[in-house]
Amino acid sequence: MMKRFSLLGAAALLALGLAAGQPAQAQGKTLRMVPHADLKTLDPLFNTAYITRNHGYMVFDTLFAQDSHGQPKPQMVESWTASPDGKAWTFKLRPGLKFNDGTPVTAEDCIASLQRWAKKDTLGQALMAAGAELAATGPDSFSLTLKQPFGLVLDALAKPSGMPPFIMPKRLAQTDANTPVTEMVGSGPFLFKRDEWVPGNKVVYVKNPAYVPRNEPADGLAGGKVAKVDRVEWIYIPDGNTATAALMNGEVDMIEQTTPDFLPVLESNPDIKLSTSVATQGMAIVNALHPPFDKPQARQALYYLVNQKEMLSAIGYPEKYRVDYCATLYICGSPLASDA
């Protein structure tokens, strides 16, 4: 589960302790991870911070989710239909879905959640601009009608990051979109332990006993979300040296991201595995409103001044951790990569 979160692109390198006797393997029930940031906001629709998004995936669920190839797959939805002209959609929920307060997930909850999401998210706003109207057609089914075709309906409902359309109870989803929801009632695989939350230090989740995963194998963010531990602890350690020492000493099981400075130390320990299955992409964004970058020629000149190999070398990553240059907006080898 935690690996799937890292696949969203929040981590550059992930360090995992594999030594016998470390906490997760000794107890078999608790996973302790050093996250990339401190959790400050609980409402996943209140900002686009990766740490808040990751928290959202622990507590909430989505109607659809992207698989490892970037394709939308049903998650809370059992079945759906679309008219030939793409203007009429119907959705039916999986049976037995429940929020962690014991109440069933209904079509009204989904509608209210999508309406609140659409007020904040750009894809949601685009969907509504196409004349979207949502209506319950039964306790566990609802319809979406559009005034004009919108080709990204399923992609929008499966949006993986930057405010995913998480489903929450209607009473919470009716909260003003500019007011953060603080009560964490979701239908996801884990429960948020507010009584153990220490901002700036620790976040705790426990397995949701009422959660029923899908039958399909996990694939990206899609498929069965099978919780294989009973408890997850995010131990926030902002100092990289202290976090590395905690992993080396078996005080934590995992570091979500690390910097080049600590690679030699981590590589020297045979009980630590470095995962490089995640590629991150840095961007230089200039302010085109002010000189000199208000001139296209200055922006073009900056483009020619940036050399990827020199940049990566200066940052300190060895060759084996680098991605070869490719002229694409998206990372080469990723689902959306293109040489167009």
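As a reminder, the structure under discussion sits directly above these lines.
Sequence positions are assigned chain by chain, starting from 1 and proceeding in written order. In keeping with the predicted nature of the model, local features appear solely for residues at pLDDT of at least 70, side-chain atom pairs appear and are counted solely at 80 or more, and the whole-chain, interface and lining totals rest on all residues. Side-chain metrics in this entry use all non-hydrogen atoms of the structure; hydrogen atoms and water are not considered.

Let's talk about the overall build of the chain
When its secondary structure is counted, the chain shows eleven helices and 15 strands. With the radius of gyration taken over C-alpha atoms, the globule rule is written as 2.2 Å times the number of residues to the power 0.38. Its C-alpha radius of gyration of 22 Å places the chain within 12% of the 20 Å reference for a compact globule of 340 residues. Structurally, the chain occupies a C-alpha span of about 60 × 60 × 35 Å along its principal axes. Type-normalised accessible area, obtained with a 1.4 Å probe on protein chains alone, sets the label of each residue: buried when under 20%, exposed when over 50%, and partly exposed for intermediate values. With 340 residues in all, the chain has 46% of them scored as buried. Secondary structure elements follow DSSP: runs of H or I of four or more residues count as helices, runs of E of two or more count as strands, with numbering from the N terminus.

Here's the deal with the sheet that holds strand E9 (residues 141-145)
Note on sheets: strands pair through backbone hydrogen bonds, and any given pair is parallel or antiparallel. With antiparallel pairing, four strands are arranged side by side in an open sheet as E6-E7-E9-E8. With partners counted over all chains shown, the strands left at the sheet margins are strand E6 (77-82) and strand E8 (133-138), one partner each. Averaged over all neighbouring strand pairs, the angle between strand axes comes to 20°, with direction disregarded. Where E8 meets E9, five bridges bridge the pair, whose relative direction is antiparallel. Here a strand pair is declared whenever DSSP counts at least two bridges between the two strands. An axis is simply a line fitted to the C-alpha atoms; with a helix, the fit covers only the stretch in contact. Between two such axes, the angle follows the N-to-C directions and lies from 0 to 180 degrees.

Some words on the pairing of strand E12 (residues 202-207)
Two elements, strand E11 (residues 190-192) and E12, share three bridges in a ladder whose sense is antiparallel. Looking across to E12, one finds that Phe192 is bridged to Tyr205. Sheet analysis places E12 next to strand E13 (residues 231-235), joined by five bridges and oriented antiparallel. Each bridged residue has a counterpart across the sheet, and for Tyr205 the counterpart in E13 is Val232.

Some thoughts on the pattern of salt bridges
Note on definitions: salt bridges are taken to be side-chain nitrogens of Lys or Arg within 4 Å of carboxyl oxygens of Asp or Glu. Scanning the entire structure with this criterion turns up 16 salt bridges. The partner of Glu233 in a salt bridge is Arg32, with the nearest N and O atoms 3.1 Å apart. Taken together, the residues Glu233 in strand E13 and Arg32 in strand E2 (residues 30-34) connect sequence positions 201 residues apart. Of the two residues, Glu233 and Arg32, neither departs from the other in class, the shared state being buried. The closest approach of N and O atoms between Asp61 and Lys225, which form a salt bridge, is 3.3 Å. One end of the pair, Asp61, is in strand E3 (residues 61-62); the other, Lys225, is in the loop between E12 and E13, and 164 residues separate them in sequence. The pair formed by Asp61 and Lys225 is uniform in burial state, with each residue classed as buried.

Structural notes on the packing of aromatic side chains
To pair, rings of Phe, Tyr and Trp, with the six-membered ring standing in for Trp, must have centres within 6.5 Å; the planes then decide the type, stacked if under 30 degrees apart, edge-to-face if over 60, and tilted in the middle. In this structure the tally under the stated criterion is ten aromatic pairs. Here the aromatic rings of Phe60 and Phe166 are separated by 6.0 Å at their centres, their planes lie at 35°, and the arrangement is tilted. In this pair, Phe60 sits in the loop between helix H3 (50-59) and E3 while Phe166 sits in strand E10 (residues 166-167), placing the two residues 106 residues apart along the sequence. A single burial state applies to Phe60 and to Phe166, both of which are buried. With a centroid separation of 5.6 Å and 65° between ring planes, the pair formed by Phe192 and Trp197 is classed as edge-to-face. There is no split in this pair, since Phe192 and Trp197 are both buried. An aromatic cluster of three or more residues is present, and its members are Phe64, Trp80, Trp89, Phe91 and Phe142.

So, the environment of Asn100
Within the element layout of this structure, Asn100 appears in the loop between strand E7 (88-93) and helix H4 (107-120). Along the sequence, Asn100 and Val185 sit 85 residues apart, while their C-alpha atoms lie 5.9 Å from each other.

Here's the deal with the packing of H4 against helix H5 (residues 122-129)
Between H4 and H5, the shortest axis-to-axis distance is 6 Å and the interhelical angle comes to 105°. If you check the angle between H4 and H5, you find them roughly perpendicular. Residue-level contacts link Trp117, Ala118, Lys119 and Lys120 of H4 to Thr122, Leu123, Gly124, Gln125, Leu127 and Met128 of H5. A per-class count over the contact of H4 with H5 returns five nonpolar, three polar and two charged. What sets the label is the angle itself: under 35 degrees gives roughly parallel, over 145 gives roughly antiparallel, 65 to 115 gives roughly perpendicular, and the rest give oblique. Note on contacts: a residue pair qualifies if any of its non-hydrogen atoms lie within 4.5 Å across the two residues. Residue polarity follows a fixed list, in which Ala, Val, Leu, Ile, Met, Phe, Trp, Tyr, Cys and Pro are nonpolar, Asp, Glu, Lys and Arg are charged, and the others, Gly among them, are polar.

Overview of a nonpolar patch on the surface
Like-charged residues within 9 Å of one another, or nonpolar side chains (Val, Leu, Ile, Met, Phe, Trp, Tyr) within 5 Å, are grouped into patches, provided each residue has over 30% relative accessible area and no salt bridge. For the area figures, the Shrake-Rupley method with a 1.4 Å probe applies, and any residue is considered shielded solely by the protein chains shown. On the surface, a nonpolar cluster with roughly 620 Å² of combined accessible area is contributed by Met283, Ile285, Leu329, Tyr330 and Leu336. Summarising the element assignment, Ile285 is placed in the loop between strand E15 (272-275) and helix H10 (296-305). The exposure class of Ile285 is exposed, given its relative accessible area of 76%.

What about helix H11 (residues 308-315)?
For H11, the capping residue at the N-terminal end is Asn307, with a side-chain oxygen 3.0 Å from the backbone nitrogen of Lys309. At the exit of H11 stands Gly316, carrying a positive phi of roughly 115°. Pairs of N or O atoms within 3.5 Å make up the polar contacts considered here, provided that, within protein, one atom can donate a hydrogen while the other can accept it, and that residues adjacent in sequence are counted only when both atoms are side-chain atoms.

Overview of the nonpolar core
Membership of the largest hydrophobic core comes to 63 residues, with the highest contact counts inside it found for Leu63, Phe91, Phe142, Leu144, Leu146, Val153 and Tyr205. A per-element tally of this core places H4 first, with seven residues. Definition used in this section: a nonpolar core is a set of buried Ala, Val, Leu, Ile, Met, Phe, Trp, Tyr and Cys residues joined via side-chain atoms within 4.5 Å. In this structure, Ile235, Ala246, Leu247 and Ile272 belong to the second largest nonpolar core, which totals 15 residues.

Notes on unusual backbone geometry
A cis geometry characterises the amide bond from Pro291 onward to Pro292, with omega recorded as 0°. Along the chain, Pro292 falls in the loop between E15 and H10. The phi dihedral of Met163 falls on the positive side, at around 75°, and the residue is not glycine. With respect to the element layout, Met163 can be found in the loop between helix H6 (153-157) and E10.

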